[in-house]
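Below, each chain spelled out in residue letters.
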Amino acid sequence: MIRNSKKLLKNKGPKQQSVTDQNTKSQETLQKDFQQNVNMFRSIYLDCSDVIFRSFRIFGQMDAMIIYIEGLTDTDLLDWNVLSPLMKMEADEAEPPGIDWIKNHLSISDTKKVNLVADCIESISAGRPILLLEGELYALSFGLTKFEKRSIDEPEAEKVIRGPRGGFIESLQVNTSLLRRIIKSPAMKIKTMTIGEYSKTSVSLIYIEGIVSPPLIEEMESRLKRIKIDGVLESEYIEEMIEDNPYSPFPQFLSTERPDVVSASLLEGRAAILTDGTPFALIAPVSFFTMLQAPDDYYDRYIIRTLIRWLRFVFLFAALVFPALYVAITTFHQEMIPDALLISIAAARENVPFPAFVEVLLMELMLEALREAGVRLPNQVGSAVSIVGALVIGQASVQAGLVSAPMVIVVATTGIASFMIPRYMFGYSIRMLRFPLIILASVSGLLGIMLGILAIVIHLSGLRSFGAPYLGPLAPLKTSDLKDVLWRAPMWKMDTRPHFNKETNINRQAPHQEPGPERGGRD
Amino acid sequence: MIKVIHRTKHTLLKNVLLFSAIFVPFLFVSGCGDRIEINDLAIVTAAAIDKSDNGQVELAIEIVVPKSIGSSQGARGGDGGQATTVRSKKGDNLSDALSKLQADLPRKVFWGSCKVFIFGEGIAKDGIQDHLDFLVRDPLPRERAYVFVSEGEAKPFIRHEVPIERNPAEMIREITVRGSVIGVTLMELDEMMANEDYSANLPYLTIKEEETSDGTLSELPNINGTAMFRKDKMVGVLTESTTRGLLWLKDRIKEATINMTPENVTGDISMTQIKSKVNLTPKISGGEWIMMIKVKTEGVVVQNSTVLNLDDPKQVKLIEKAFGKQIENRMRKAIEESQGMKVDAAHFGKEFHRKYPKQWKKVKNHWEEEVFPEVKVEFVIDAHIRSRGFVDKSIRERGSGK
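Definitions and limits used
Residues numbered from 1 in each chain as written. Chains lettered and ligands numbered in written order. Predicted model: local features only at pLDDT ≥ 70, side-chain atom pairs only at ≥ 80, totals over all residues. Heavy atoms only, no water. Helix = DSSP H or I, 4+ residues; strand = E, 2+ residues; numbered from the N terminus. Rg over C-alpha atoms; globule rule 2.2 N^0.38 Å. Buried < 20%, exposed > 50% of the residue type's maximum accessible area, 1.4 Å probe, protein only. Contact = heavy atoms within 4.5 Å. Areas by Shrake-Rupley, 256 points an atom, 1.4 Å probe, with all protein chains shown as cover. Domains from an automatic or database assignment. Buried area = accessible area lost by both parts, 1.4 Å probe. Salt bridge = Lys/Arg side-chain N within 4 Å of Asp/Glu carboxyl O. Polar contact = N/O pair within 3.5 Å; in protein donor to acceptor, adjacent residues only side chain to side chain. Phe/Tyr/Trp six-rings, centres within 6.5 Å; stacked < 30°, edge-to-face > 60°. Nonpolar A, V, L, I, M, F, W, Y, C, P; charged D, E, K, R; others polar.

### A short note on the overall build of chain A
And step 1. If you tally the helices and strands in chain A, you get 15 helices and 12 strands.
And step 2. What you see for chain A is a C-alpha radius of gyration of 30 Å, clearly larger than the 24 Å of a compact globule of 523 residues, by over 25%.
And step 3. In terms of overall dimensions, chain A has a C-alpha envelope of 105 × 85 × 40 Å along the principal axes.
And step 4. With 523 residues in all, chain A has 48% of them scored as buried.
And step 5. Pairs at least 24 residues apart make up 66% of the contacts formed inside chain A by residues separated by at least 6 positions.
And step 6. Approximately 25,700 Å² of chain A is accessible, and the part contributed by carbon and sulfur atoms is 60%.

Here it is, written out as C-alpha cells:
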C-alpha cells in the first residue's frame, strides 16, 4: 500500500502537468454544430452531478440548452425570465430568430455573449447559466448568480468601540460592493483576475486612480499574474507568493476584514487585494507603523488616541523585550534592581529550582500554548482553558515553587502587551522574536538584548513593502508623515497623504481648516 | 518613483552567513561567564569595619536571608527567622578579610545593595585611608553608599534588631536620607580625603537604649553627632546639637524646628525653618582671617506659648531677631568647637583658597593646625517669619483679652 501511494505521489507531478495543459486550451471556440457543443460540455462536466443540463426548444423548432451549477444560480429567475419566455415565444415572421434577437427579448440586465469555451466554463463556475443555441457561434451568459452567504458581521479580531461595524465576508462581490458603498467615485478601480488552476479564484486589485502611484499597480499586477498555483483558499496564499522578502518574520501586507480600513488605505494611496472566499483583504505598501495604527485611532478624539498610541508603543517594546530584560537584569546586572525589589525577588526565587532563563522560557511557552489552544477550542471549552491557565499554571506553579511570582507577573505583562498590538499578525512576529531575545539575554545580558534589537532594526531597515521602506516615515525620515505615526494629528491637520508615492496627488484636503467660531459661515 | 527591489536568490544564504558570522562567535566568546542567579547572591546590606589584634582588620557584613523574608505565599516569614545575618572575618586588610569571608559563604557576596559602611572608632582613629582605597577602587561597592563612624566597635551596630525598618542598615540609611544629619557617601568621603582644603567629617553612631512596647529596654543604633577627621584620622566628636549648627552652616539642613525665648518675654516660640541660604565670604584684613557668614532664612511659627501677637509687626520683629540669634548661636558653637578640635568641618579653607589663592598657598600646610582656629567669624543674619500658622494670638492671650 505504502509503496503504491509513494508511486502515486511520484506520478502526481507529470500528471498534474497534463491536466493543467488541458485546462489551458483557452483559445478553443464554440462550434456551429449544436450537438458537438453539447457533447463537448457534457464531456467536460462528466461526473459532475451538480451541473445541470436543461435542453428545450425555442419556438418549438430551435434546439437550445441551459447549463448551470446547482446552488450557484437563482433558478426562480432562470425559470421566469429565460425558460418561460423562450418556450412560449412565437416566432416573429419578419425577423429570423438569432442570438441577438433572443438577447434583446430577455428581461435580464446582465447578459453577455461569449465565444470561447474557457469563458463559458468560467461563467458556469461563477454561477452564471449558459444558454447554447442551435447554429450559433456564441452562447449567452446570464448574471443570475445566487448562492448562500454569511451575513455581514462585525469582524471578531478587529472590534472597535466607535466606528462602522461591518466586516468583509467570503464573497468577493459583496466585499467590493461594501467598498463601493464607501468610495463612490469612479476613480476607484477594481481589476479582477482569476488565480488558481483549479480553484479559479477571483482576485481583485483595488486602487484609486490619481492617488495611487501607477508603477505600484503595474508591479502588483505583474506579481499577481506571476502566481501559478493550484488553488487560492485564503489571501495568505497570495501574500506569500508576492511579498518582497519571503524570509522576514514581519508581515509586509496589512490584512484586514474591515472595509473602512481598506478604504482609508486606498485614500492614502495604497492598493488593496481582495480574494474571493475570504474576508481578509491585503493592503500594500505598508510600514512598521501602519501595523500599530488601529481603526479606533481615527474614530475618537485625537488627543486621547495619541496617548493610547504612545501606550501601544511602550507595550510593543514591553512585549518584545520585557522577559528578556528580566532574565538579563536578574542574572547579569543585579545592581540595576532597587534594593527592596532585589530582596523581594530574591525571597520569591528562593525555592525555585530553575534558573531564571528556564523559568522564563517555561512560562512563555506555556503562555503561547494557552493562547494557541484558546484559538482552537470552541467557546464552551474555552473557559476551561482560561481556568486551567490562570489557576493551574499561574497560581499553582507559584505555590508549588516551580516558578516565582515575579516571573508570572513578567509573563502576564508580556501577554497583555502583545495583545495590545492592533494587528494580530504583527503581534505574532513580535511575540516570536522575543524568544531569540530571551536566549541572547541569558547568554550575555543587556549586551545580548542590544545585539538582538540591533539585528531586528537592521533587518527592518532593509525591509520593503512593495518598494516602500518598512521603517518609513521614521527611516528614511519624512517629518510631515510623522503626524500619523508618533501621534495622531487632528483631521484638519492631516493635509497630505503619506509620502511613499510622491509623484501623485499628495494633497488630501484643503489646508488651514482648523475649526473655530469665527469661521462659521464666512469661510 | 517607487523602486521595487528584486532580491537575488542568494540573499537568504548571504543573510544566514552574515548573521552567523556575527552572532555565533559572540555566543561562544561571551560564554555566560558573569551569569549568576539572584538566589546565588549573598546580598550585603551593611558592612562594619573594625580594628582587630595584630594590626588586622575585621570585616563584618550583614547579609539578607531571603528565605526568612517571606515565602512565595505572601505571608511574612514569621518572627522565627531574622531577615538578616551577620558574618565576619579578620584579615590583613579589607580585601583579604573579604576573600576569607567569601570562602566561607555558600553564595557570592553582592555589594550592589550595600548602602551603609560603618568604621569602628578604633580604626577611624588609626586612619581609614587604606581601607577606603579598597572601597573606592573596587567597582563592586557602591560609591553612593553612606559612611559612618561608630562609637566603639562597629560590628554590634549591624547586629541590632530594629523596629519599623527591615534591618539596622536600612534604618541608619533612612535617617540619613531624611536630612537631619549630614550623610556622607563613599564618593564624597573620597573627595574630602583627597582635598587639601578641608578635612572629612562623618556621622557618628551611638547606641541608644529605648523602651520597647513590652517595657524592656532595647538597644538601637542612633546617629548622634559628627566624627571629626583631620586628614584620615578621627580626632573628636561634635555633639548632636553642635552638629545641627554645622548642618545650618553647610546649608544641608532640610527640616529643623527651633525653640527660642525672645528677650523680656516669658514662654517660648517654636519655629520650623523652611528656607535657608548660607553665604560664606572670606576676608583677610591686616593679617586677620575673617569669615563673613550671611544667612538668609525663613521660618513658620508652629507653636507660640508667649504673649506676643503675631499680627503686630513690631512683635514679629522681636521674634525674628530671636530666631536669627538662635541660629547664630548654633553656628557659632559649631565653629568654636571645630576650631577647638582644629578641624575645618565647615570647609572654610575651600572659600579662602578660592578667594585668596596666594595667601592660601603660604598657609595650606598648617591651615587646620594654626590658621583655622584663629579665624574670626562675623554673622549677618536675615531671618523672617513667613507664616504664623492658623491663629494669630496665642490661646492664653485670646482668653484674657476681653
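Now that the structure has been shown, we can carry on.
### So, the domain arrangement of chain B
Residue and element names in this part refer to chain B.
And step 1. Structurally, chain B comprises domain 1 (38-238) and domain 2 (251-402).
And step 2. Buried surface at the junction of domain 1 and domain 2, summed over both partners, amounts to about 1,600 Å²; 51% is from carbon and sulfur atoms.
And step 3. At the surface where domain 1 touches domain 2, the tally comes to zero salt bridges.
And step 4. Summed over the shared surface of domain 1 and domain 2, the number is three residue pairs in polar contact (both at pLDDT 80 or more).
And step 5. Counting only elements with at least two residues in the side of domain 1 that touches domain 2, the list comes to helix 5 (168-178), strand 8 (217-230) and strand 9 (233-238).
And step 6. Per-element accounting of the side of domain 1 that touches domain 2 gives the leading share, four residues, to strand 9.

### Topic: the packing of aromatic side chains
And step 1. Counted under the stated rule, the structure contains 15 aromatic pairs over all chains.
And step 2. Ring centres of F250 of chain A and Y470 of chain A lie 6.2 Å apart, and the angle between their planes is 55°; on these two criteria the pair is classed as tilted. With a gap of 220 residues between them, F250 of chain A in the loop between helix 8 (235-242) and strand 8 (254-256) and Y470 of chain A in the segment after strand 12 (468-469) connect regions that are remote in the sequence. A single burial state applies to F250 of chain A and to Y470 of chain A, both of which are buried.
And step 3. With a centroid separation of 5.9 Å and 70° between ring planes, the pair formed by F348 of chain B and F372 of chain B is classed as edge-to-face. Placement of F348 of chain B in helix 9 (residues 348-355) and of F372 of chain B in the loop between helix 11 (367-371) and strand 13 (376-387) is noted, with a sequence separation of 24 residues between them.
And step 4. On the accessibility criterion, F348 of chain B (0% relative accessible area) is buried.

### Some thoughts on the interface of chain B and chain A
By a widely used convention, the size of an interface equals the accessible area lost when the partners come together.
And step 1. Taken residue by residue, the interface counts 38 residues in chain B and 45 residues in chain A.
And step 2. The contact between chain B and chain A buries some 3,600 Å² in all, and 63% of this surface belongs to carbon and sulfur atoms.
And step 3. Across the contact surface, chain B and chain A share three salt bridges.
And step 4. Taken together, chain B and chain A are joined by nine residue pairs in polar contact (both at pLDDT 80 or more).
And step 5. Elements supplying a minimum of two residues to the side of chain B that touches chain A: helix 1 (11-30) and strand 1 (41-51) of chain B.
And step 6. Per element, the largest residue contribution to the side of chain B that touches chain A is six residues, and it comes from helix 1 of chain B.
And step 7. Of the residues that constitute the side of chain B that touches chain A, the class distribution is 19 nonpolar, nine polar and 10 charged.

### What about the environment of T239 of chain B?
Residues and elements named next belong to chain B.
And step 1. Looking at the element boundaries, T239 is found in the loop between strand 9 and helix 7 (240-249).
And step 2. Accessibility expressed as a relative area gives 41% for T239, which makes it partly exposed.
And step 3. Remark: the alpha-carbon pair of T239 and Y204, spanning 35 residues in sequence, is separated by 9.2 Å.
And step 4. Once residues lying within four places of it in the same chain are set aside, the contact partners of T239 are G225 and E337.

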